[in-house]
Each structure stands twice: as structure tokens, then as C-alpha cells.
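The primary structure of each chain is shown beneath.
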Amino acid sequence: MKALSVVITMYNQVQNIERAIKSVQRQVLKVNEIIVVDDGSTDGSVELVRNLNVENLSVVELSGCGIATMRNEGAMAAKSNYVAFLDADDEWLPFFTHEMSLLQEKYPTSDVFATRYQCVSDNGTLRDADIYLNSVNPNGYLLTDFFKMATLGDLPFTVSSMMVKRSNFLALGGFAVSEHTRVPKDFILQAALDSTIAYSPNIHMHCHTQCHNPGVEDLFPVGNYSSAERLYSMVMAGNYSAQMLKSVQRYCAVQGLNAAKMFIKNGNAHMAKSVLTMPMCQHYTRYYLAIFTLVKLYAAKSLLSSAVAALRKESQA
């Protein structure tokens, strides 16, 4: 196992942080350092971490900076060539770092290494993330169809189930500070575009969904289609293969159209129309026409409701 630093981010996680740290300590292959980055907790989290007296653990204290900055600061403080991230309310299973080591040995030139994950409900029930897998090779493989997987299901991996080469992470600019989400979609999508990802379909991380959902939490309505729009602009202005271009266009179209559908469901036809005007949405014609029809029907329904209300008011006068 090559030198690995773990960055754990927390804010008022006194009930969960010890579980996260102990999940790192229980790894079959030990990490070189643990960096806990706190964003101004007031519940005793920092005191609890310090009192654990964990070897090779340091605490970086910030205030009101947001989770992306916390992760970036932790990565910059790291001393190892590889960095992994863990949210304070998630946990690694004991063989996570071992799996990372196997992927490193098999794909030494890769920049990102990741595994599948399970969701844990508030009553402790385990549920596999809804990930589209075209291979279940337990030895791992290079992830060449990320965007197809992300289009047909949840993200193949999330921030707590990946490890990155530190130099590559810094070269890509780290996590986008403008993304106010627990799931750093901009970085993951850019990594899928410009980096080699070694992936294991084996499950080595538990995501506690009472705290967040790695597939959709914090991403709708702004995060999903905004990150897709940024990705779409990047790809259209870049020099990518026809296959990659088509895969990304389909992914972006689905994200935008799903957002439009949700806006309609929430009674916001204006925002739905706005999303539908984005060029990326028009790369999935059949779905686009279906959502466009829904917008028209919603508008007609709203107009009819207004007319009925006016007639009732007039009859009562």
C-alpha cells in the first residue's frame, strides 16, 4: 500500500465522528495519517477527537468555509502521495484500503481508485446503491463507461469511497468551492473525463442515509443540472472522442430533463421551461418531447384552473 492520507470532514458530528475514525483505524492495511478538518463545530466534536489520542491524527480547525474548502485544505495539508476522503457520518469497511492497494497494483498509472458502496438507513437496514454495473469482476477494472453508469443509476462511487493521486487532485483544481453539496459532482465528472479510474464493484463503504444520500442529496434542483451544464459546456468546447461526446450528451440531457420533470412536479412550470431551453436537454429527443408535453399540459391545467376560479368568483358576485 502506497502512502495514504485520509481527510475526514466534520461539522457538529459528535455522534458520528468516533465511528468514522475507528473505521479507519480498523483497516487491514493502515493509513499513514488522519487529518480531521472541522468547520467550527460547537457540539464538542473537536474535543472528542483530541481526547481519542489517535496516533498520526491531526486536526485542522476552520470556520464557515464550506465542505469543498474543508476537503481541499485537508488535501493540501496531507503529506502522502495519495489522499482519500471520508465524511464524518460515513464509515469504511475493514478492507477498503486493502482494495485500494489491489487496484494500485493492477492499475499503477491510474489517477482515481474507487469502490461500490451501500446505504444504511436510520434503522440500520442495508441497501445496495442503485448502480448500473456491466461487470462484476471482483478483481476490479478500468471504468470506461462512467457516464452510462451515472445515467442509468446512482453514481458508481462517492467521495467517501474513492482515493486520488494527490498531484492529480491538485492539478484538477480540487473540489469546486462553488458547489455547495456533500457530493462533489464537478470533480467526479471532470475526473471521469480526464483521468483514468480504477474501479472495484466490491462494497467497502457504508453511507449513512439518515445524514445524506450520495446519489441525489443536495443536488436538486440546482446541483444536478448546473453541474451537467458545466460539464456539457466543457465537453462541447473540448477535443473528446465521438463515443465520449455522445455518452456525456446523453448524461447531461437526462440530468436536465429530470430536473425539468421535478420542477413540474413541484408546480414550477417557469423553471421547467427555463431548463428545457438549455441546449444539452435536446440530445434526448424522445424524453425531451415527453417533458415538453408535460410542461404544456401543466400550463393548460393552470389556465383552466384560473378560468374556473374566475367563473366561480363571478357567479358569487
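Coordinates for the structure precede this section.
Figured I'd write up the structure that's included with this text. Please read all numbers here as calculations on a predicted model, not as lab measurements.

### Quick word on the packing of helix α7 (residues 185-194) against helix α9 (residues 242-265)
In contact at an axis separation of 12 Å, α7 and α9 are set at 160° when each is read in the N-to-C sense. What the angle tells us is that α7 and α9 run roughly antiparallel. Between α7 and α9 the crossing geometry is right-handed. In contact with K185, L189, A192 and L193 of α7, α9 contributes M244, V248, Y251 and Q255.

### Some remarks on the packing of aromatic side chains
The tally for this structure, following the rule as stated, stands at 11 aromatic pairs. Here the aromatic cluster, defined as three or more aromatic residues joined through ring pairs, consists of F85, F169, F175 and F187. Against the face of F175 rests R71, its NZ or CZ located 5.5 Å from the ring centre.

### Considerations on the packing of α9 against helix α10 (residues 269-276)
Relative to each other, α9 and α10 sit at 165°, their axes nearing to 7 Å. By the angle between their directions, the pair α9 and α10 is classed as roughly antiparallel. In this structure, the crossing between α9 and α10 has a hand that is left-handed. Side by side, α9 and α10 meet where G256, L257, A260, F263 and I264 of the first sit next to M271, A272, V275 and L276 of the second. The class makeup of the residues in the contact of α9 with α10 is eight nonpolar, one polar and no charged.

How each quantity is defined
- Residues numbered from 1 in each chain as written.
- Predicted model: local features only at pLDDT ≥ 70, side-chain atom pairs only at ≥ 80, totals over all residues.
- Heavy atoms only, no water.
- Axes fitted to C-alpha atoms, helices over the stretch in contact; angles between N-to-C directions.
- Helix = DSSP H or I, 4+ residues; strand = E, 2+ residues; numbered from the N terminus.
- Parallel < 35°, antiparallel > 145°, perpendicular 65-115°, else oblique.
- Left-handed = near helix turned anticlockwise from the far one by under 90°.
- Contact = heavy atoms within 4.5 Å.
- Phe/Tyr/Trp six-rings, centres within 6.5 Å; stacked < 30°, edge-to-face > 60°.
- Lys NZ or Arg CZ within 6 Å of the ring centre and 35° of its normal.
- Nonpolar A, V, L, I, M, F, W, Y, C, P; charged D, E, K, R; others polar.

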